[in-house]
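Residue strings, one per chain:
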Amino acid sequence: MGDNRAIGVIDSGVGGLTVVKEFRNVFPQESIIYLGDNKNVPYGNKTEQEIYELTKNMIDFLIEKDVKLVAVACNTISTIVDKYFSSYNIPVVNIIKPTADYVVRESIKEVGVIATMFTVSTAAYDKLIREQDESVEIVSEGCPTLAGIIDSGSFTDDEVQELVNLHMTNLLSKRNVRDVILGCTHYPIVIDKFIKNNPKINFINPAYEQVMYIDNLLSSKGQKSELEKSEFQIYTTGSKDIYYKMLDILTIEKPDNIIEI
């Protein structure tokens, strides 16, 4: 017998909707409760203590909703998950390990990481990839403002393109990699801007890798949902408006509810 409880998804803002999109496309029978802390976005410029406190509030909120698992759809938060959140009675799954597994599985020997300043400073991707294959060469580029601009929803195409070009130029000047991890879930929202001037690069979307990892985990525990009609709810500490805009951009169906808390 399966487990029809919802999967909880947390992010500092709307970026985690890229994970929701993968769930809704690949495993639509799974109910989703999403929590975005838009009031405090971006997390990538905060201290570890601040990130811990904000994250604990989100996880505890979802546990009160009786979720069966929490998907941390935020790379910045994922860098501290194992340190602070391994003692919960339900799995708290970070987004970095499944992507590190992908790099090793695909025998990628040179990879770029473009992410928030905090994620880059922790070298989380470097550690998890090199635990499995010490020979992989990894170069990183930190972006202090890109996630916040995307989350605001008020960005112009030119503004985002300029930032993407700047950071991709910086990254490729360090090493001419052919594979680049989009190490912030906000970035796949504007993946067209990354591809525009770098069409030959394989941009790796951690959202898909995380969803497949979670599906395997739930299957192994006999906790896959058996619902014919699942539910999809969004909670935010910010405004509903940005969610309606991002749902359209990502072509995700409207949720049952969007609730400001």
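All values derive from a computational prediction rather than experimental measurement. (Residues numbered from 1 in each chain as written. Predicted model: local features only at pLDDT ≥ 70, side-chain atom pairs only at ≥ 80, totals over all residues. Heavy atoms only, no water.)

J.: So what exactly am I meant to see when it comes to the overall build of the chain here?
T.: Scanning the chain from N- to C-terminus turns up twelve helices and ten strands. Since a compact globule built from 261 residues should have a radius of gyration of about 18 Å, the 17 Å found for the chain is in line with a globular shape. The buried share of the chain, reckoned over its 261 residues, is 55%. A separation of at least 24 residues holds for 75% of the contacts in the chain among residues at least 6 apart in sequence. Only carbon and sulfur atoms are counted for the fraction: they give 47% of the accessible area of the chain, which is about 11200 Å². Placing the 26 positive and 38 negative side-chain charges of the chain at their respective mean positions leaves the two points 1 Å apart. (Helix = DSSP H or I, 4+ residues; strand = E, 2+ residues; numbered from the N terminus. Rg over C-alpha atoms; globule rule 2.2 N^0.38 Å. Buried < 20%, exposed > 50% of the residue type's maximum accessible area, 1.4 Å probe, protein only. Contact = heavy atoms within 4.5 Å. Areas by Shrake-Rupley, 256 points an atom, 1.4 Å probe, with all protein chains shown as cover. Lys, Arg positive; Asp, Glu negative; His and termini not counted. Charge placed at Lys NZ, Arg CZ, Asp CG, Glu CD.)

J.: How should I be thinking about the packing of helix α1 (residues 17–26) against helix α11 (residues 206–220) in this particular structure?
T.: The relative placement of two packed helices comes down to the angle between their axes together with the axis-to-axis distance. Put simply, α1 and α11 touch, their axes get as near as 8 Å, and they point 50° apart. Classified by the angle their axes make, α1 and α11 are oblique. Helix-helix and strand crossings are classified by hand; for α1 and α11 the assignment is right-handed. Of the residues in α11, those in contact with T18, V19, E22, F23 and V26 of α1 are A207, Y208, Q210, V211, M212 and I214. Of the residues assigned to the contact of α1 with α11, the class counts are eight nonpolar, two polar and one charged. (Axes fitted to C-alpha atoms, helices over the stretch in contact; angles between N-to-C directions. Parallel < 35°, antiparallel > 145°, perpendicular 65-115°, else oblique. Left-handed = near helix turned anticlockwise from the far one by under 90°. Nonpolar A, V, L, I, M, F, W, Y, C, P; charged D, E, K, R; others polar.)

J.: I would appreciate a short explanation of the packing of aromatic side chains in the present structure.
T.: Each aromatic ring pair is specified by the distance between its two centres and by the angle formed by the two planes. Counted by the stated rule, this structure contains eight aromatic pairs. With 4.7 Å between their ring centres and 35° between their planes, Y52 and Y84 make a pair best called tilted. Of this pair, Y52 sits in helix α2 (residues 48–64) while Y84 sits in helix α4 (residues 81–84), and the two are 32 residues apart along the sequence. The class for Y84 is partly exposed, based on a relative accessible area of 25%. Among the aromatic residues, ring-to-ring pairing joins Y52, Y84, F85 and Y88 into one connected group. (Phe/Tyr/Trp six-rings, centres within 6.5 Å; stacked < 30°, edge-to-face > 60°.)

J.: Teacher, can you tell me more about the environment of N25 here?
T.: The topology assignment puts N25 in helix α1. Separated by 227 residues in the primary sequence, N25 and I252 place their C-alpha atoms 8.7 Å from one another.

Taken by themselves, the reported measurements are silent on function.
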